[in-house]
Amino acid sequence: MSDTIAFHSVAAVTAAFAKGEISAVAIANHYLKKIQELNPQLNAFNHLFPEHTLQAAEELDTRRAKGDKLGSLAGAFLGIKDNIHVAGELTTCSSKILKGYRAPFDATAIAHLRSRDALFIGKMNMDEFGMGSTTENSADGPTRNPWNQNCVAGGSSGGSAAGVVAGMCTASLGSDTGGSVRLPAAFCGCVGLKPTYGRVSRYGLVEYGSSLDQIGVLANDVASTALIYSSIAQPCQMDPTYAHRPIETATADAWERLLTAPLHQENHNRVVGIPYSLLEGLSPEARSTLDKAASHLQQLSYTIREVDLSLVRYAISIYYILATAEASTNLSRFDGIRYGQRTTGKSIDDLYEMTRGNAFGPEVKRRILLGTYILSAGYQDAYYKQAQKARILLIEQYQKVLQECAFILMPVATTTAFPLGAMNDPLQMYLQDLYTVSTNLAGLPAIALPISWSHDHLPLGVQLISAPYQEASLLHVGHHLEQAVQLNFQKSIL
Amino acid sequence: MQEQELRQLAHLCRIHFEEEQLPTLASGIQKLLDYVQQIQELDTSSITDYTHPFESWILQKNLLADAPVVSLGDQSSIDQANAYSREQFLANTPDQIAGMVRVPNMQ
């Protein structure tokens, strides 16, 4: 019976559960078996709690048997990036400094998922504190790409992407500070949605760059992404940057109607902008992937127009100034006193320095040093203030373009996933983020979608960017693009 | 970046580095600083006063909100569930004594 259920689709698995075709315990066992089989190779999950998952599944089955009204996500089992709090479970941000730390409360996003009866299957590997583009900067070892285990999964939400694609969970949450949902989605071949800054509460998300961070969704199709997204874009009183623009509760049926509705019913303009001058560095396959997406959009009766986003060339500089400045402040709380690991020292300063020296990985240390330098007396105006002003110029440029266009079409990365260990120069690594960081700087929503395969069978994706709070339009056009591309990603691959 | 400057910076960050790590680290940080210098090319004189980079667009949109006024009833139960105890807090600290966090002698 369970062979006929599409475990990779939120709508399919929750419908099968609601109809009584399968029990929650059976669904949980399906994923746990997949994890047992594949996780030793892929390292998508860094913390599992099978007893808790199975116990919660039994309780759900009991409630269903009693005829209780169940939430819209009953039957879905989600993987959660290891920087988002699930009460009682480990939150280590894949860092040694938080070894053994247990979340004392649910992140707001988790609480909303829980209130809809979604269950949680484990925490997912990431670059330490979100700092990286490959998930190689993890104290728990790298996550491997499900399509080629010699290649990286992308990062920093590499575990969230690899786990979803390998069928180890129904969908997952990641976080996106500079592309950390979209890049692994593109490298692994799933959908990745980064909502507008403030759309989803950040309460219970361990902070990296507070003006950039946003919780996002990774799933195997747009419809699943929409269901999880609309469940987490919900009220919060604990995050002062939450936008208080909750999504009206959308059921699977409502989303299906919304996503499958013809695009011409949308009351927006039909122009998609492409910043062609930024595409010079693309590999030929990444370029043809973008052209393929553009031609599908034309068939969906969009007009393609060249747009000027020349300031995106400065985005990496702006981003690495602001993100490291924010990180150096945010990570000062990890001092060996209040959380996680402590290395004792002769004095209090010695304790701080030894604890942080021993427990932070090299990339985190590099970013703290850079951020502290940028904020130090004498350099703050030249770096931090100039970068903030440049950020505003970039936002104004995006605003101008999005007055003319409904969407902007951009690559996610310049290439497909590359071999583990190939990117060992920090600057080269940072340059990977060219196409993703600018949307975080501007606070805009973006969706990454798989479009094609490379000659060596690795996925290639594109991203669509819209004006603030237009996630529903992104999901709508994303769904039509997904149907047009018909990539036929095998969902259960190994 | 000179090694002495890096040593001072590392102390500001409260991160211990071994002496032999410093030369590579200094040249790595210098390379990144050289790269991000490119923002100096930008003429930002048109941007004068601001309180938040999002104020002109995203935040203003929130203020103008066409979004419905939300009942927060649902949320308060979530906040309630999230209240946590001294024991839960202390469970995450590296060292405790008599229900408090133990810290080294400050002298």
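Look up: the structure comes first, before these words.
Just so it is clear, the model here is predicted, and its values are computed rather than measured.

1. Considerations on the interface of chain B and chain A
Here's step 1: Across the boundary between the two partners, chain B contributes 59 residues, which contact 78 residues of chain A.
Here's step 2: Of all residues in chain B, Leu-32, Trp-57 and Asn-92 of chain B bury the most surface against chain A, accounting for 12% of the area lost on that side.
Here's step 3: Connecting chain B to chain A are three salt bridges.
Here's step 4: The salt bridge involving Asp-349 of chain A is made with Arg-14 of chain B; its shortest N-O contact spans 3.0 Å.
Here's step 5: On inspection of chain B and its partner chain A, the count reaches 17 residue pairs in polar contact (both at pLDDT 80 or more).
Here's step 6: At the level of secondary structure, the elements contributing two or more residues to the side of chain B that touches chain A comprise α1 (3–12), α2 (22–36), α3 (58–63) and α4 (73–82) of chain B.
Here's step 7: The greatest single-element share of the side of chain B that touches chain A, amounting to seven residues, is contributed by α2 of chain B.
Here's step 8: Partitioning the side of chain B that touches chain A into residue classes produces 33 nonpolar, 15 polar and 11 charged.

2. Digging into the nonpolar core
Here's step 1: Residues Leu-113, Phe-129, Leu-173, Tyr-398, Leu-409 and Leu-464 of chain A are the most contacted members of the largest nonpolar core, which totals 195 residues.
Here's step 2: Not counting residues within four places of it along the chain, the set of residues in contact with Leu-113 of chain A comprises Leu-73, Leu-78, Ala-118, Phe-120, Leu-173, Ile-228, Ser-231 and Ile-232 of chain A.

3. Looking at the environment of Ile-35 of chain A
All names here are of chain A.
Here's step 1: Considering the arrangement of structural elements, one finds Ile-35 in helix α2 (residues 24–42).
Here's step 2: A relative accessible area of 3% means that Ile-35 is categorised as buried.
Here's step 3: Counting along the chain gives 235 residues from Ile-35 to Arg-270, while the straight-line C-alpha distance between them is 43 Å.
Here's step 4: Other than its neighbours up to four places away in sequence, Ile-35 contacts Pro-40, Phe-45, Leu-48, Ile-121 and Met-168.

4. Notes on the environment of Val-272 of chain A
All names here are of chain A.
Here's step 1: Positionally, Val-272 belongs in strand β9 (residues 271–274).
Here's step 2: In this structure the C-alpha to C-alpha distance between Val-272 and His-479, which are 207 residues apart in sequence, comes to 16 Å.
Here's step 3: Apart from the residues lying within four places of it in its own chain, the contact partners of Val-272 are Leu-297, Tyr-302, Thr-303, Ile-304, Arg-305, Cys-405, Phe-407 and Leu-409.

5. A short note on the packing of aromatic side chains
All names here are of chain A.
Here's step 1: All told, the structure shown has 16 aromatic pairs over all chains when counted by the stated rule.
Here's step 2: One aromatic cluster is present, built from ring pairs that chain together Tyr-101, Phe-129, Phe-334, Tyr-339 and Phe-360.
Here's step 3: Positioned above the aromatic ring of Tyr-469 is the side chain of Arg-245, whose terminal nitrogen or guanidinium carbon lies 3.9 Å from the ring centre.
Here's step 4: Sitting above the plane of the Tyr-302 ring, Arg-270 keeps its charged end 4.4 Å from the centroid.

6. Re the sheet that holds strand β10 (residues 303–306) of chain A
Residues and elements named next belong to chain A.
Here's step 1: A sheet is described by the order of its strands in space; here 11 strands give the open sequence β1-β3-β2-β6-β8-β7-β12-β13-β11-β9-β10, paired in mixed fashion. Each having just a single partner strand, β1 (45–48) and β10 make up the two edges of the open sheet. Neighbour to neighbour, the strand axes of the sheet diverge by 30° on average, direction disregarded.
Here's step 2: Sheet analysis places strand β7 (residues 191–194) next to strand β12 (residues 446–453), joined by three bridges and oriented antiparallel.

7. Observations concerning the pairing of strand β2 (residues 77–81) of chain A
All names here are of chain A.
Here's step 1: Counting buried residues along β2, five of its five residues qualify, which places the element largely inside the surrounding structure.
Here's step 2: The side-chain alternation of β2 yields two buried faces, one formed by Phe-77, Gly-79 and Lys-81 and the other by Leu-78 and Ile-80.
Here's step 3: Judged from the five bridges that link them, β2 and strand β3 (residues 119–124) form a sheet pairing that is parallel. By the bridge assignment for β3, Lys-81 is matched with Met-124.
Here's step 4: After leaving β2, the chain enters helix α4 (residues 108–115) and then returns to the sheet as β3, a path that is right-handed.
Here's step 5: By the bridge criterion, three bridges tie β2 to strand β6 (residues 171–175) in an arrangement that is parallel. Bridge pairing in β6 links Gly-79 to Ser-172.

Rules and cut-offs
Residues numbered from 1 in each chain as written. Chains lettered and ligands numbered in written order. Predicted model: local features only at pLDDT ≥ 70, side-chain atom pairs only at ≥ 80, totals over all residues. Heavy atoms only, no water. Contact = heavy atoms within 4.5 Å. Buried area = accessible area lost by both parts, 1.4 Å probe. Salt bridge = Lys/Arg side-chain N within 4 Å of Asp/Glu carboxyl O. Polar contact = N/O pair within 3.5 Å; in protein donor to acceptor, adjacent residues only side chain to side chain. Helix = DSSP H or I, 4+ residues; strand = E, 2+ residues; numbered from the N terminus. Nonpolar A, V, L, I, M, F, W, Y, C, P; charged D, E, K, R; others polar. Core = buried A, V, L, I, M, F, W, Y, C linked by side-chain atoms within 4.5 Å. Buried < 20%, exposed > 50% of the residue type's maximum accessible area, 1.4 Å probe, protein only. Phe/Tyr/Trp six-rings, centres within 6.5 Å; stacked < 30°, edge-to-face > 60°. Lys NZ or Arg CZ within 6 Å of the ring centre and 35° of its normal. Pairing = 2+ DSSP bridges. Axes fitted to C-alpha atoms, helices over the stretch in contact; angles between N-to-C directions. Right-handed = clockwise from strand over helix to strand, strands pointing away.

Note that all results are geometric; they support no functional claim without further evidence.
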